[in-house]
Amino acid sequence: MEENEKDTPRISNEEPSGDGRDLFIPLFMASERRLRAFVYGMVPSQQDVDEVMQEVSIVLWKKFDKFEPGTEFIRWAYAVARFEVLAYRRKKARDRLCFSENLLELLANEYEEERQVLEDERHALAACLERLPASERELILTAYGKDLRINEIAEASGLTASSLYKRLNRLRKRLLDCVTMKMKTA
């Protein structure tokens, strides 16, 4: 017998009071650290260990009346833990998303269609930007292309922040109308 197992309480052959569950806590607490180490060796992360240990604890508690007095609790607990680890791994395997070939093909086709629409919109936007007067185009490119705050842009433009917001909103509306028109005619 290992030295650690000497410290593990054993249930005597005497019948405990009630249903015997008054012995569960001391037995479980004495074995919990080694049981956790056992589970840790079979699952990939601490979070998984915690989940499995929670299930192991519940099963041990529910099935404590099946435990044979006079035997080693830790050995019984190892057996229960082994089955719970296997159940957990089966559950995790089912939880993983595995896409069928048909779904992957559908997603790839939708991505290609969406990519083409976005590319067409980018070309339309570039053409619409070119149609703007140079000062308005520069204002839009500065506001959305550089890492400046609106107050800094307003000050550099000789505008208030409020008037700059209004001007940018009007420009965005014109660009949206232009892009929408180009997309309809394309």
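The numbering scheme is per chain: residues are counted from 1 as the chain's sequence reads. Where totals are concerned, whole chains, interfaces and linings use all residues; where local detail is concerned, this predicted model gives features only for residues with pLDDT of at least 70, and gives and counts side-chain atom pairs only at 80 or more. With hydrogens and water excluded, all non-hydrogen atoms of the structure serve as input to the side-chain values.

Colleague: Is there a simple way to think about the confidence of the model for the chain in this case?
Modeller: The predicted coordinates of low-pLDDT regions are not to be read in fine detail. Residues of the chain with pLDDT of at least 70 account for 82%, and the chain-wide mean is 83. Per-residue confidence from the predictor is reported as pLDDT, which spans 0 to 100. The contact rule is simple, with two residues in contact once any of their heavy atoms fall within 4.5 Å. When the criterion is pLDDT under 50, residues 1–17 qualifies, and its contacts beyond four places in sequence or with other chains add up to 29 contacts.

Colleague: Just checking my understanding: could you explain the state of the cysteines for this structure?
Modeller: Among covalent bonds in proteins, the disulfide is the one between the sulfur atoms of two cysteines. Here, the term disulfide refers to a pair of cysteine sulfur atoms separated by no more than 2.5 Å. Scanning the entire structure with this criterion turns up 1 disulfide. Between the sulfur atoms of C128 and its disulfide partner C178 the distance amounts to 1.9 Å. For the disulfide bridge between C128 and C178, the dihedral angle about the S-S bond is near -85°, and by the sign convention the bridge is left-handed. Taken together, the residues C128 in helix α5 (residues 101–131) and C178 in helix α8 (residues 161–185) connect sequence positions 50 residues apart. Helix and strand assignments come from DSSP, with helices taken as H or I runs of at least 4 residues and strands as E runs of at least 2, each series counted from the N terminus.

Colleague: Explain helix α6 (residues 134–145) to me, please; I cannot follow it from the model alone.
Modeller: Given 3.6 residues per turn, any residue in an α-helix points the same way as the ones three and four places further on. One less than the residue count of a helix, multiplied by 1.5 Å, gives the span that helix is expected to have. With 12 residues, α6 should cover 16 Å at 1.5 Å per step; its first-to-last C-alpha distance of 15 Å lies within 8% of that length. Residue burial is assigned from relative accessible area. The probe radius is 1.4 Å, only protein chains are included, and a residue is buried under 20% of its type maximum, exposed over 50%, and partly exposed in between. Among the residues making up α6, those that are buried are E136, L139, I140, T142 and A143. Buried residues in α6, looked at end-on, bunch into an arc of 165°, giving them a common side. Along α6, exposed side chains directed more than 90 degrees from the buried face belong to A134 and G145. Taking the helix axis as origin, the arc is that swept by the directions to the C-beta atoms.

Colleague: I would appreciate a short explanation of the nonpolar core in the present structure.
Modeller: By nonpolar core we mean a set of buried residues, namely Ala, Val, Leu, Ile, Met, Phe, Trp, Tyr and Cys, connected to one another through side-chain atoms within 4.5 Å. Among the nonpolar cores identified, the biggest contains 22 residues, and L35, V39, L60 and F73 are the most heavily contacted of them. Listing elements by their share of this core, those giving two or more residues are α2 (24–40), α3 (46–62) and α4 (73–95). The leading source of residues in this core is α4, at 8 residues. Sequence-distant contacts of L35, defined by excluding residues within four places in its chain, comprise F28, M53, V56, L60, I74, A77, Y78 and A81. If you look at the next biggest cluster of nonpolar residues, it comprises 16 residues, including C128, L132, I150 and V179.

Colleague: Would you take a moment to explain the environment of E51 for this structure?
Modeller: Positionally, E51 belongs in helix α3. E51 gets classed as partly exposed once you look at its relative accessible area, which sits at 27%. Taking the C-alpha atoms as reference, E51 lies 9.7 Å from V85; in sequence the two are 34 residues apart.

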